[in-house]
Amino acid sequence: MRPDALTAPLTTPLAAPLPASLTGEALSTEGVGLSIVVPVYRGATTIGTLVAALSALRPVGGIEIVLVNDGSPDNSAEVCRELAARATVPLTYVEHARNFGEHNAVMSGLRVARGRYVITMDDDLQNPPEEVLKLYDHARLGNWDVVYTRYAVKEHEGWRNLGSRFANGVADLLLDKPRGLYLSSFRCMSALVVREVARYAGPYPYIDGLVMQVTQRIDSIEVRHLKRVEGRSNYTLRRLVRLWLNLATNFSLLPVRLATFAGLAMGFLGIVASLFVMAEAMTGETPSGWASTMTVTLLLSAVQFLILGVLGEYVGRAFLSANGTPQGVVRDVVRARPAEEEDSR
């Protein structure tokens, strides 16, 4: 069932904003106060409950919901299409041709969102839908460009919490962000920030890194965080490492500079070691032999390979970007509007 389905070619990349002919009113922010962008992956059992709860909200200026199915292997596509068919509020369904990652899916949703403010949130119901109005009103009334959420108690697994703390600590070093600000996927952004973030065309988007390049008018509020009601987190250790690499290599030159400092440090240690060897020879003692030589050789080799790896990561990402690797490929866009809204128009 496809009410008013608007279909894009299978090869349409999301490396640039979607054309006006596809998005229709998406480029206009008139008449919609709040858009909620939800990336969907293995969310067939929870997305219906989330959409129902969001549809019951009555934010100032009205609401629309944007669901982005990021190549989910379950029946999320059928569930989302059925939700579009029964929508009681404006709802847009975007379907990726394959899985590209959470941040890529959010970028697709931002490009079709038309609200004066846009909230991004996960599909797992760990962020209570009723907190949406609190977040929206804080951003709107405080005239903030971006408002992040923070949790008094996080109901993730222990390793996931540890990974999040590590990623946020690294972000403190690599990004120009307020010190200690927790970077949550449950965030609210103004249309200004959304428009500038959506301009990014590279294949490795990191939403928070892009946000920090746009504005420093950022705040945060505390919200509740619930236990996962179904399934398990889609974030594996591998995905977290890839996300950290996106942060480290796409938005900072610090890794390259650290490689330079490591080279200088190894050079300094080499000079100290050579002085030590010369001192041993001058005092008539036999200079340390094979063991010390192998230790130094292995240490220097490790540093060299580390530096080569860092440089290779930068060069590889630059190559893939120049080669036109797509940020996302849209298979279909379904824009559904409730009957009463169509009648009023």
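Residues numbered from 1 in each chain as written. Predicted model: local features only at pLDDT ≥ 70, side-chain atom pairs only at ≥ 80, totals over all residues. Heavy atoms only, no water.

### What to know about the packing of aromatic side chains
- A complete count under the given rule lists two aromatic pairs for this structure.
- Both rings, one in Tyr-117 and one in Tyr-136, keep their centres 6.0 Å apart while their planes meet at 70°; by these two values the pair is edge-to-face. Remark: Tyr-136 occurs in helix α5 (residues 131-142) and Tyr-117 occurs in strand β5 (residues 117-120); sequence separation between them is 19 residues.
- When its relative accessible area of 2% is taken as the criterion, Tyr-136 is described as buried.
- With 6.0 Å between their ring centres and 70° between their planes, Tyr-151 and Tyr-182 make a pair best called edge-to-face. Note that Tyr-151 is positioned in strand β6 (residues 146-151) and Tyr-182 in the loop between α6 (158-174) and β7 (187-190), a separation of 31 residues in sequence.
- Above the plane of the ring of Phe-100 lies Arg-98, whose end atom (NZ or CZ) is 4.5 Å from the centre. (Phe/Tyr/Trp six-rings, centres within 6.5 Å; stacked < 30°, edge-to-face > 60°. Helix = DSSP H or I, 4+ residues; strand = E, 2+ residues; numbered from the N terminus. Buried < 20%, exposed > 50% of the residue type's maximum accessible area, 1.4 Å probe, protein only. Lys NZ or Arg CZ within 6 Å of the ring centre and 35° of its normal.)

### Considering the pattern of salt bridges
- The full count for this structure, using the stated rule, is twelve salt bridges.
- Arg-331 serves as the salt-bridge partner of Glu-95, at 3.5 Å between the closest nitrogen and oxygen. With Glu-95 in strand β4 (residues 91-96) and Arg-331 in strand β9 (residues 330-336), this pair connects stretches of sequence that are 236 residues apart.
- According to the relative accessible area criterion, Arg-331 is partly exposed, its value standing at 32%.
- The shortest N-O distance in the salt bridge between Asp-137 and Arg-140 comes to 2.9 Å. Of this pair, Asp-137 and Arg-140 both sit in helix α5, separated by three residues, roughly a single helical turn.
- Since its relative accessible area comes to 27%, Asp-137 is described here as partly exposed.
- Put simply, Arg-81, Glu-95, Arg-331 and Asp-332 are held in one network by salt bridges that share partners. (Salt bridge = Lys/Arg side-chain N within 4 Å of Asp/Glu carboxyl O.)

### Here we look at the pairing of β5
- Neither face of β5 is left uncovered, since the one carrying Tyr-117 and Ile-119 and the one carrying Val-118 and Thr-120 both have all their residues buried.
- Bridge analysis of strand β2 (residues 34-40) against β5 gives four bridges, and the strand direction is parallel. In the strand pairing of β5, Leu-34 is matched with Tyr-117.
- Alignment of β5 against β7, held across four bridges, turns out to be antiparallel. Among the inter-strand pairings, Thr-120 is bridged to a residue of β7, identified as Arg-187. (Pairing = 2+ DSSP bridges.)

### Section: the pairing of β7
- Burial along β7 is two-sided: the face carrying Arg-187 and Met-189 and the face carrying Cys-188 and Ser-190 are both buried.
- Alignment of β6 against β7, held across three bridges, turns out to be antiparallel. From the neighbouring strand, Tyr-148 faces β7, where its bridge partner is Arg-187.

### Let's talk about helix α3 (residues 76-85)
- Within the span of α3, buried status applies to Ser-76, Ala-77, Cys-80, Arg-81, Leu-83 and Ala-84. Looking straight down α3, one finds its buried side chains confined to an arc of 160°; they lie on one side.
- Buried residues along α3 sit against β2, α2 (47-55), β3 (63-69), β4 and β9. (Arc of directions from axis to C-beta. Contact = heavy atoms within 4.5 Å.)

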